[in-house]
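Given next are the chains, with one letter for each unit.
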Amino acid sequence: MALPRRRHHWYHRLRRLSPVIFAFSGALLLLFSLLSFFAPPPIEPDHRRARPQHSKISDGVDNGAVAATVSFRVPKSGGKLQRNIWSSRNAEFYYRCSNASTKFARAAAITQPNRYLMIATSGGLNQQRTGITDSVVAARILNATLVVPKLDQKSFWKDSSDFSDIFDVGWFISSLANDVKIIKLLPKKGGKPWGFRSMRVPRKCSERCYHNRVLPVLLKRHVVQLSKFDYRLSNRLDTGLQKLRCRVNYHALKFTSPISKMGDKLVHRMRMRSKNFIALHLRFEPDMLAFSGCYYGGGEKEIKELGAIRKRWKTLHITNPDRARRQGKCPLTPEEIGLMLRALGYGSDVHIYVASGEIYGGEETLAPLKALFPNFYTKETVASEKELDPFSSFSSRMAALDFIVCDESDVFVTNNNGNMAKILAGRRRYFGHKPTIRPNAKKLHRLFSAKSNMTWEAFASKVRSYQRGFMGEPMEVRPGRGEFHENPSSCICEDSEAKAKRDSRPRKLGKGKDTPTKDEDVVVDDQDINEDPEWSDPDDEDNRDGLQENNLLNGTLLDYDAVTSDEPELEDMLSD
């Protein structure tokens, strides 16, 4: 009897507990229902990230941009910043100072008889410009008479122009008369042409180097021709010679009247369209990208096309595209340049003049930049075909027109570190530190790679931070650092009086003279700006030796002399 009684007892106990159990189970079900309702949806893998993306421009702004992620929406406006985007805030405290000192002897007193220096330049317009500038200084070092330099007519550019077709030769000779004796042609000896010795000097040859290598030959033969003359003079010379460099580059080298008039006409027409404009030197040609070894997400088609071009350089080593991009050695794409400019405060109403060659990918590649900046111009759209006809068959004369517009622009932007970018950077520093934007590619690469995971505001803030020291402000690079043609520090002086007057003005509480605001340009000394990226100028002597050093570390030697001699069709094709 005990067993049935126990079962009956437990049965009644369970019946009494059942409402409690049901209530507890219902509460759990309700809790799980609420949790599932408020929980975010599961994240699916994004298989599109391997493909190159374009950024979406918000609120029906610029047509043509392709949709990307929801969070990264590019505004039409550049926003309100605490700086003037069209000028340098510190330029007024610096001025150009390239005049010769009283101790710099006149040419008539030092030029020796029967010493003639001939120069054969190399490359495109701007590479040849460096050679012309340095040839005057070399003649001064040797106390020799300089014969007007010969321009390279056999390189890739195949331009038959002589010196007098591009530069005002009369002005060149007369403006430098006190510094170096210059003649148009080598005189004859006894009615017959002089015989001459042709030779090459090492890269960045110093004064002592010229005295040891060239002077003995010059004393013996009386006439010496220095061939392939580009970047053959040291960056470190005494101040008098550095100032002479500036007098040549910034004052004695004037374009001929036809080129100057056409260039001024292009500038005037850009000014008629807008009070301010940007000039962009865009290097994104197939040969440039092939030499760089960089990859831009074009899949197998891009790999095959650029790989085929790379085979033209038989000694060019294979590079790691990801590593090159991480190191900032790949030119920014047109879209990346557009995003950088928008982040720096330039809205879609800004007018842009683009100096470029053939763009890899054509209009498809340019579409994102044009969507961001619809006011997009080139010399072919600003001038008529008839107006450009006298220049169109000569690559150097066409490059000279672009040079003038880029030089006269309110803001100059480049996506590369080639010769034109270097020359213009130095020239714009010398003539008032006009804004010159050179991308901090090493840091910007990481930012562009991560932009889909951030808001536009965060992206723009980082771009402005990374570009401090890369905007053409005074003293961005310490004097004596970098290539002299892009940082002519010996020819730029500080107006200490004006600066002291500025510093003595009353300041707002909490804002001392050394306290930068959020968007204010900060003077830094970033070595990135001094590096010569491998992609910039494959036929530039500076670049060659840098590549050779890297290849020696990797166990291979890239013989550039072999490249230029065995493959003349590629000579200096990427230099300007």
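For the structure itself, look to the data block above.
In short, a report on the structure. (Residues numbered from 1 in each chain as written. Predicted model: local features only at pLDDT ≥ 70, side-chain atom pairs only at ≥ 80, totals over all residues. Heavy atoms only, no water.)

### A few points about unusual backbone geometry
At step 1: Despite not being glycine, Asn114 has its phi angle at roughly 60°, a positive value.
At step 2: Relative to the helices and strands, Asn114 is located in the loop between helix 2 (107-110) and strand 4 (116-121).
At step 3: Unusually for a residue other than glycine, Asn143 sits at a positive phi of about 55°.
At step 4: On the secondary structure map, Asn143 appears in the loop between helix 3 (125-141) and strand 5 (145-147). (Helix = DSSP H or I, 4+ residues; strand = E, 2+ residues; numbered from the N terminus.)

### A few points about the packing of helix 9 (residues 257-273) against helix 17 (residues 395-408)
In a packed pair of helices, the relevant descriptors are the angle between the two axes and the axis-to-axis distance.
At step 1: Their axes nearest at 9 Å, the elements helix 9 and helix 17 cross at an angle of 45°. Overall, the two elements helix 9 and helix 17 adopt an arrangement that is oblique. Here the hand of the crossing between helix 9 and helix 17 comes out right-handed. Here helix 9 contributes Ile259, Ser260, Met262, Gly263, Asp264, Leu266, Val267 and Arg271 to the contact with helix 17, which in turn contributes Arg397, Ala400, Leu401, Ile404, Val405 and Glu408.
At step 2: Residue classes in the contact of helix 9 with helix 17 are distributed as 8 nonpolar, 2 polar and 4 charged. (Axes fitted to C-alpha atoms, helices over the stretch in contact; angles between N-to-C directions. Parallel < 35°, antiparallel > 145°, perpendicular 65-115°, else oblique. Left-handed = near helix turned anticlockwise from the far one by under 90°. Contact = heavy atoms within 4.5 Å. Nonpolar A, V, L, I, M, F, W, Y, C, P; charged D, E, K, R; others polar.)

### Quick notes on the pattern of salt bridges
At step 1: Counting across every chain of the model gives 18 salt bridges.
At step 2: Linking Glu483 and Lys204 is a salt bridge whose minimum nitrogen-to-oxygen distance equals 4.0 Å. With Glu483 in the loop between helix 20 (456-466) and strand 16 (492-494) and Lys204 in the loop between strand 9 (197-199) and helix 6 (207-213), this residue pair connects regions lying 279 residues apart in the sequence.
At step 3: Owing to a relative accessible area of 5%, Glu483 belongs among the buried residues under this scheme.
At step 4: Residue classification places Lys204 among the partly exposed residues on the basis of a relative accessible area of 29%. (Salt bridge = Lys/Arg side-chain N within 4 Å of Asp/Glu carboxyl O. Buried < 20%, exposed > 50% of the residue type's maximum accessible area, 1.4 Å probe, protein only.)

### Re helix 13 (residues 334-343)
At step 1: Counting buried positions along helix 13 yields 10 of 10 residues, so the element is predominantly enclosed.
At step 2: Of all the residues in helix 13, the buried ones are Pro334, Glu335, Glu336, Ile337, Gly338, Leu339, Met340, Leu341, Arg342 and Ala343.
At step 3: With its phi angle positive at about 110°, Gly345 sits one or two positions after the end of helix 13.

### Structural notes on the state of the cysteines
At step 1: Here the structure, examined in full by the defined rule, presents 4 disulfides.
At step 2: A disulfide bridge connects Cys97 with Cys493, and the sulfur atoms are separated by 2.0 Å. Judged by the sign of its S-S torsion, about 85°, the bond between Cys97 and Cys493 is right-handed. In this pair, Cys97 is assigned in the loop between strand 3 (94-96) and helix 2 and Cys493 in strand 16, connecting sequence segments 396 residues apart. (Disulfide = S-S within 2.5 Å.)

### Things to note about the packing of aromatic side chains
At step 1: For the structure on display, the rule yields 15 aromatic pairs.
At step 2: Plain terms: the ring middles of Tyr250 and Tyr430 are 4.5 Å apart, the flat faces sit at 25° to each other, and that makes the pair stacked. Taken together, the residues Tyr250 in helix 8 (residues 239-252) and Tyr430 in helix 18 (residues 419-430) connect sequence positions 180 residues apart.
At step 3: On the accessibility criterion, Tyr250 (5% relative accessible area) is buried.
At step 4: Exposure remark for Tyr430: the relative accessible area of 3% places this residue in the buried category.
At step 5: Note on Trp456 and Phe459: the rings are 5.3 Å apart at their centroids and 35° apart in plane angle, and the pair reads as tilted. On the criterion of helical spacing, the pair formed by Trp456 and Phe459 is a turn pair, its members being 3 residues apart in helix 20. Phe459 matches Trp456 in its accessibility class, with the two residues each being buried.
At step 6: Cluster of aromatic residues (ring-pair linked, three or more members): Phe163, Phe167, Phe172, Phe255 and Phe403.
At step 7: We note Arg140 situated over the ring of Phe104; from NZ or CZ to the ring centre the distance is 3.8 Å.
At step 8: Seen from the ring of Phe394, Arg397 lies directly overhead, with NZ or CZ sitting 3.6 Å from the centre. (Phe/Tyr/Trp six-rings, centres within 6.5 Å; stacked < 30°, edge-to-face > 60°. Lys NZ or Arg CZ within 6 Å of the ring centre and 35° of its normal.)

This is a description of form; function is not addressed.
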